[in-house]
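# Working through the structure, step by step
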Amino acid sequence: MRLSALSTTLIAAALAAILNGCSTTAANNSATAAAASTATQSANAPWADIPFIERIDPQYRAGAEAYSHNDFSSAEKVAAFNQKVAANAQFTTIKPQLITVPNAMDGFAIEVAIYRPQQCSENNESCPVFAYKPQYLNEQNAADGYPLLFVSYSGGFILRTNYYDASHFQMLSNTLQAVVVVPRYRLSDEAPFPAPLIDNYSALTYFMDHAADFEINPQQLILMGESAGGGLTASLALYNRDHNNYPVKAQALIYPMLDYRVGSEFSPYHSEQLGHTAWTVPANVYAWQAHGNAKDIAALSGRSELPDGRPVTKPQQFTQELLALANFHQSHQDQGTPDYFGYFSPAYAQDKSQLPPAFISVGDSDLFANESLQYASDLLEAGNTVEMHVVPGVFHVFEYANPEGTQSQRYYNNLFYFLDQRLMAPQGQVWPE
């Protein structure tokens, strides 16, 4: 058990008083003085001004402070940040194979990064690996090809720095012994919804159609994403079910961005304690606005009102991207009215049934905690399998802030165990026999 600094000080003072034969009063005085000293140090800490910092595990408070200086609340501020980090938009120590595949809707050439599994004797910079040994591996699996872990990177649809986090993706590949594929989908300032979704679905289609070329077992497919990538993964699972319906063993939604209303005046959640670190309310409101016009997408879906009851009227002219999506579906003779709004904001998909088993993980101080819990509940209500983790004492992207922290290690163990179990399960089943 790990104790807080204050608890440790109090216990140490009390033990010292007992061992030295001091009176109870002396012990209390000593403990009080130690507590006061600790409180003074905490008040002077660089993270002391972060709201509700007492909710954050002490192991992650330095990370909370480091992640509290960015502002993503407007196009100008996002552009300034992206310019500042432009030099990091490259692969360094680990360089994946890069290919391009066409977007099936508008022909855009999507760059895709491919990570192939390495055999690592120990974790190091050139061969990163987490200390988990997959159980699904055996000679027959090796003969059938590697699993495909299809990952959507994070960034609120407005940032791309995490696409270049090659060490992270290579670690996933090495630990799971899977081919990891990461499409460089378009951001909102390049092309808003539905571009990211169709970019990723086009890349998924390409790899499923060319599985043998990449030594991939098409029956061992996992979808995964973090933050906006987690929401995009949920959208991809819905879209895949409604289209080619490739067999997906699991969807891993890591602190997913699912509900377009969160943070706005129309949000169904109003917790003051959430979303003060790494990803905030102003950032979320701006990111969803940049990603797409909710009313227009609802109108394209044939909805007469938004989830909050506001009426929806068809615009005089849909955007170029939405027209392309409608024309794309018509040309492919899709049956019925596609749930475009559900693909945009998965929290409001009209049908959440027949989806892959889901792993959902979110910190209890994360802005996305409530929507993650609600989505898990919706999936369960629709008859799906869900493993839900609300991680205490941490915020958005906590495992990047302190990879060696206790909660980070638990998160990775839980994630790999879940994926391992799903890979061992027969196709169409949830559990290994």
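First, a word on what this report is: a plain description of the structure on this page. Residue numbering note: each chain is counted from 1, following its sequence as written. Reporting of local features is limited, given that this is a predicted model, to residues whose pLDDT is at least 70; pairs of side-chain atoms are given and counted only at 80 or more, and all residues count toward the totals for whole chains, interfaces and linings. For side-chain calculations, the full set of non-hydrogen atoms in the structure is used, while hydrogens and water are omitted.

Strands are runs of DSSP state E lasting at least 2 residues, helices are runs of H or I lasting at least 4, and numbering of each runs from the N terminus. For H168, the location among the structural elements is in helix α6 (residues 166–176). Distance and chemistry together define a polar contact, namely a pair of N or O atoms within 3.5 Å, with one atom able to donate a hydrogen and the other to accept it when in protein, and with adjacent residues in sequence counting only for side-chain atoms on both sides. Reaching out from H168, the side chain makes a polar contact with the side chain of Y400 at a distance of 3.2 Å. If near-sequence neighbours (up to four positions away) are discounted, H168 is found in contact with E226, Y400 and Y412. Residue contacts are defined here by distance: any two heavy atoms, one from each residue, within 4.5 Å place the two residues in contact.

A few words now on the pairing of strand β6 (residues 250–254). Counted residue by residue, β6 has 5 buried out of 5 residues, so it is predominantly covered. Burial of β6 is two-sided: the residues A250, A252 and I254 facing one way and the residues Q251 and L253 facing the other way are all buried. Pairing between strands requires that DSSP locate at least two bridges from one strand to the other. As paired strands, strand β5 (residues 216–226) and β6 are joined by 5 bridges and run parallel to one another. When the sheet's bridge partners are listed, L223 is paired in β6 with Q251. Throughout, right-handed denotes a crossover for which the path from the first strand over the helix to the second runs clockwise when the strands point away from the viewer. Each parallel crossover has a hand, and for β5 linked through helix α8 (residues 228–242) to β6 it is right-handed. Per-residue accessibility, obtained with a 1.4 Å probe over protein chains only, is compared with the maximum for each type, and a residue is labelled buried under 20%, exposed over 50%, and partly exposed between these values.

This paragraph deals with the state of the cysteines. Pairs of cysteine sulfur atoms within 2.5 Å are identified as disulfides in what follows. Counted under the stated rule, the structure contains 1 disulfide. Each sulfur of the disulfide joining C120 and C127 lies 1.9 Å from the other. Given an S-S torsion of about -85°, the disulfide between C120 and C127 has left-handed geometry. What makes C127 buried here is its relative accessible area of 10%.

With that settled, the discussion passes to the packing of aromatic side chains. Whether two aromatic rings pair depends on their centres lying within 6.5 Å, for rings of Phe, Tyr and Trp, where Trp uses its six-membered ring; planes under 30 degrees apart make the pair stacked, over 60 edge-to-face, and the rest tilted. Across all of its chains, the model carries 29 aromatic pairs by this definition. Judged by centre distance (5.0 Å) and plane angle (85°), the ring pair of F72 and F81 falls under edge-to-face. For F72, a relative accessible area of 7% translates into the label buried. Both rings, one in Y411 and one in Y412, keep their centres 4.8 Å apart while their planes meet at 50°; by these two values the pair is tilted. Looking at Y411, the relative accessible area reads 3%, which means it is buried. Judged by relative accessible area, Y412 falls into the buried class, the value being 8%. Through a chain of ring-to-ring contacts, three or more aromatic side chains come together here, namely Y60, F130, Y132, F398, Y411, Y412 and F416. In our convention, an over-ring charge means Lys NZ or Arg CZ found within 6 Å of a ring centre and within 35 degrees of that ring's normal. Over the face of the ring belonging to F108 we find R186, whose NZ or CZ atom lies 4.1 Å from the ring centre. Here the guanidinium or amino end of R422 rests over the ring plane of W431, the centre of that ring lying 4.5 Å away.

Here the focus is the sheet that holds strand β7 (residues 358–363). Strand order in the open sheet made by the 8 strands is β1-β2-β4-β3-β5-β6-β7-β8, with mixed pairing throughout. Every other strand in the sheet has two partners, leaving β1 (97–102) and β8 (386–391) as the edge strands with one partner each. Mean inter-strand twist for the sheet, computed between neighbouring axes without regard to direction, equals 20°. Axis geometry follows a simple rule: fit a line to the C-alpha atoms, using only the stretch in contact for helices, then measure angles between N-to-C directions, giving values from 0 to 180 degrees. Contacts between helix α7 (residues 195–209) and the sheet are confined to β1, β2 (109–115), β3 (146–152), β4 (179–183) and β5, with β3 contributing the most and set at about 170° to the helix.

What follows deals with α7. One turn of the α-helix equals 3.6 residues, which is why residues spaced by three or four share an orientation. One fewer than the residue count of a helix, multiplied by 1.5 Å, yields its expected span. Compared with an ideal rise of 1.5 Å per residue, which puts 15 residues at 21 Å, α7 spans 21 Å between its outermost C-alpha atoms and is within 8% of the ideal. For α7, a buried count of 13 out of 15 residues is recorded, marking the element as mostly surrounded by other parts of the structure.

Further remarks concern the packing of α7 against α8. At their nearest, the axes of α7 and α8 sit 10 Å apart, and the two run at 60° to each other. It follows from the interaxial angle that α7 and α8 lie oblique. The chirality of how α7 crosses α8 is right-handed. Contacts between α7 and α8 involve P196, L197, I198, N200, Y201 and L204 from the former and L232, S235, L236, Y239 and N240 from the latter. Throughout, the ten residues Ala, Val, Leu, Ile, Met, Phe, Trp, Tyr, Cys and Pro are labelled nonpolar, Asp, Glu, Lys and Arg are labelled charged, and all others, Gly among them, are labelled polar. A class-by-class count of the residues in the contact of α7 with α8 yields 8 nonpolar, 3 polar and no charged. Note that the term roughly parallel is reserved for angles under 35 degrees, roughly antiparallel for angles over 145, roughly perpendicular for angles of 65 to 115, and oblique for everything else. Here is the rule for handedness: rotate from the far helix to the near one, and if that takes an anticlockwise turn smaller than a right angle the crossing is left-handed, while a clockwise turn gives right-handed.

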